Structure formats: structure tokens, C-alpha cells
Amino acid sequence: MTDNLPSISDADSCLPDSQLEVLKKQYIREGEYVTDQTRFNYAWGLIKSKHRRDQTQGVLLLTDIYREVPDRRRECLFYLALGHYKLGNYNDARKFNESLLEFEPNNSQAHALRREIEDRVAKEGYIGMAIVGAVAAVGTIVLTSLLKKK
């Protein structure tokens with residue numbers, strides 16, 4: 001059953017608002033008798049939305065499904081990792097992705113997502129270091145110019 005998940009390139013594609021609206025209407029129409037499949041489909045659509053608010057809602061809905069529906073945990077792990085990745089919650093993304101890899105050590109999508117998470121963490125770390133370095137340089141220049149004036 002490994003590799004029956006989307007490719008990592010699918011992670012960056014967004015679901016059009018019109019398609020998300022179809023999933024939302026189905027979810028609402030089913031009301032208190034909403035099926036696990038409809039809940040999962042709606043959560044998936046929310047994760048694939050371009051809107052952060054929707055992605056957050058998708059993570060919350062997937063978390064509920066993960067807790068309540070043991071048969072959907074494998075799929076939920078991947079999409080929880082993906083949702084947290086898209087939200088910039090890299091520690092949570094790692095946690096869910098590593099949980100999936102414990103069950104499926106040869107899952108290529110999970111390995112690809114692991115690489116994406118690590119690359120993003122490294123990139124943001126470099127950006128953070130560059131910002132700190134730039135602030136320190138500006139601070140040094142300002143301090144030097146103030147000291148020269150005295």
C-alpha cells in the first residue's frame with residue numbers, strides 16, 4: 001500500500017476555490033451524518049487551498065479524523081505533515097511524516113516530503129542568519145559612526 005499518495009509536486013498545487021466550494025457544500029449537506037470520506041475529502045481540499053485560514057482548518061479536521069478513524073490514519077499522517085509544512089510548522093510536519101515512515105519506511109512520497117521539509121528548514125535558517133548578520137552589520141556601522149562623532 002506504499003506510494004498510494006500524491007507526489008510532492010502536488011503539495012505546491014492549489015485547489016481552485018470553486019472546487020473547494022463543492023467539497024464544502026457536500027460536507028455541510030451531510031450535516032451531523034457526514035461520512036468519514038466526505039470529512040477527509042473536505043480536509044484534503046482545505047489543505048490544498050491557497051488560503052492559510054483554510055489550511056489551518058484542514059489540519060484541525062484531519063487531526064479529528066486521525067483520532068477518530070483508525071483506518072484513515074495512514075492518509076491523515078501524510079496530509080497532516082503536508083498541512084503543517086504548508087503552514088510553516090516544520091517540527092509538526094516532521095513529526096507526522098516520521099510517524100508515516102515508521103509504518104512505511106519505503107514510502108517515496110514521505111521521503112520526498114522529508115527532503116522538502118529539511119530543505120525549507122535549511123533555507124529559512126540561512127535567511128534568518130543573513131537577516132541577523134545584516135542587522136549586526138547595520139548596528140556596527142551606526143555604532144561606529146556615533147563613536148566617531150564623539
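Chains are numbered independently. Their residues run from 1 in the order of the written sequence. Selection of residues for local features in this predicted model requires a pLDDT of at least 70, selection of side-chain atom pairs for listing and counting requires 80 or more, and totals for whole chains, interfaces and linings are taken over all residues. Processing note: side-chain calculations cover all non-hydrogen atoms of the structure and skip hydrogens and water entirely.

Identification of the protein chain as Mitochondrial fission 1 protein from Entomortierella chlamydospora is taken from an unreviewed UniProt entry. In UniProt, the protein chain has this text filed under Subcellular location (unreviewed entry): "Mitochondrion outer membrane". UniProt positions are given in the numbering used here, feature names are shortened, and annotations may be inferred rather than shown by experiment.

With that out of the way, let us pick up the overall build of the protein chain. Regarding its fold elements, the protein chain presents six helices and zero strands. Helix and strand definitions follow DSSP, with helices as H or I runs of at least four residues and strands as E runs of at least two, each counted in order from the N terminus. Listing every helix and strand of the protein chain by position from the N terminus yields α-α-α-α-α-α. A total of 150 residues make up the protein chain; the buried ones form 35% of that total. In this analysis, two residues are considered to be in contact whenever any of their non-hydrogen atoms come within 4.5 Å of each other. Put simply, 57% of the contacts in the protein chain that link residues at least 6 apart link residues at least 24 apart. Note on areas: these come from Shrake-Rupley sampling with a 1.4 Å probe, and a residue is covered only by the protein chains present in the view. Just so you have it, the protein chain exposes about 9,300 Å², and 56% of that area is on carbon and sulfur atoms. To sort residues, take the accessible area from a 1.4 Å probe on protein chains only and compare it with the maximum for the residue type: under 20% means buried, over 50% means exposed, and anything in between is partly exposed.

UniProt records the feature "repeat: TPR" (unreviewed entry) at residues 74–107, using the numbering of this structure. Summarising residues 74–107: 82% helix, 0% strand, and an end-to-end C-alpha distance of 11 Å.

So, on to the nonpolar core. Core analysis: the largest hydrophobic core is formed by 30 residues, its most contacted members being L62, I65, L82, Y85 and L113. Considering every element that reaches this core, the biggest residue donor is helix α4 (residues 73–87), with nine residues. Residue contacts for Y85: discarding those within four places in its chain leaves Y90, A93, L113, E116, I117 and R120. To form a nonpolar core, buried Ala, Val, Leu, Ile, Met, Phe, Trp, Tyr and Cys residues must be joined to one another through side-chain atoms within 4.5 Å.

All right, on to the environment of L82 then. Tracing the sequence through the fold places L82 in helix α4. According to the relative accessible area criterion, L82 is buried, its value standing at 3%. With 38 residues separating them in the primary sequence, L82 and W44 have C-alpha atoms 10.0 Å apart.

On to the packing of helix α3 (residues 52–68) against α4, then. Interaxial distance between α3 and α4 falls to 9 Å at its minimum, and their mutual angle equals 155 degrees. Considering the angle they form, α3 stands roughly antiparallel to α4. Two packed elements cross with a definite hand, and for α3 against α4 that hand is left-handed. Counting all contacts with α3, which are made through R52, Q55, T56, V59, L62, T63, I65, Y66 and R67, the residues of α4 involved are R73, C76, L77, Y79, L80, G83, H84, K86 and L87. To obtain an axis, a line is fitted to C-alpha atoms, over the contacting stretch when the element is a helix, and the angle between two such axes runs from 0 to 180 degrees between their N-to-C directions. Roughly parallel means an angle under 35 degrees; roughly antiparallel, over 145; roughly perpendicular, 65 to 115; everything else is oblique. The crossing is said to be left-handed when, going from far helix to near helix, the turn is anticlockwise and less than a right angle, and right-handed when the turn is clockwise.

With that out of the way, let us pick up α4. Given a helix with a known number of residues, its expected span is that number minus one, times 1.5 Å. Between the first and last C-alpha of α4 there are 20 Å, a value that for 15 residues agrees with the 21 Å anticipated at 1.5 Å per step. Among the 15 residues of α4, 12 are classified as buried, and the element is accordingly described as predominantly covered.

Time to look at the environment of D64. Along the chain, the position of D64 falls in helix α3. Its relative accessible area of 32% is what places D64 among the partly exposed residues. Sequence separation of D64 and C76 is 12 residues, and the distance between their C-alpha atoms is 9.6 Å.

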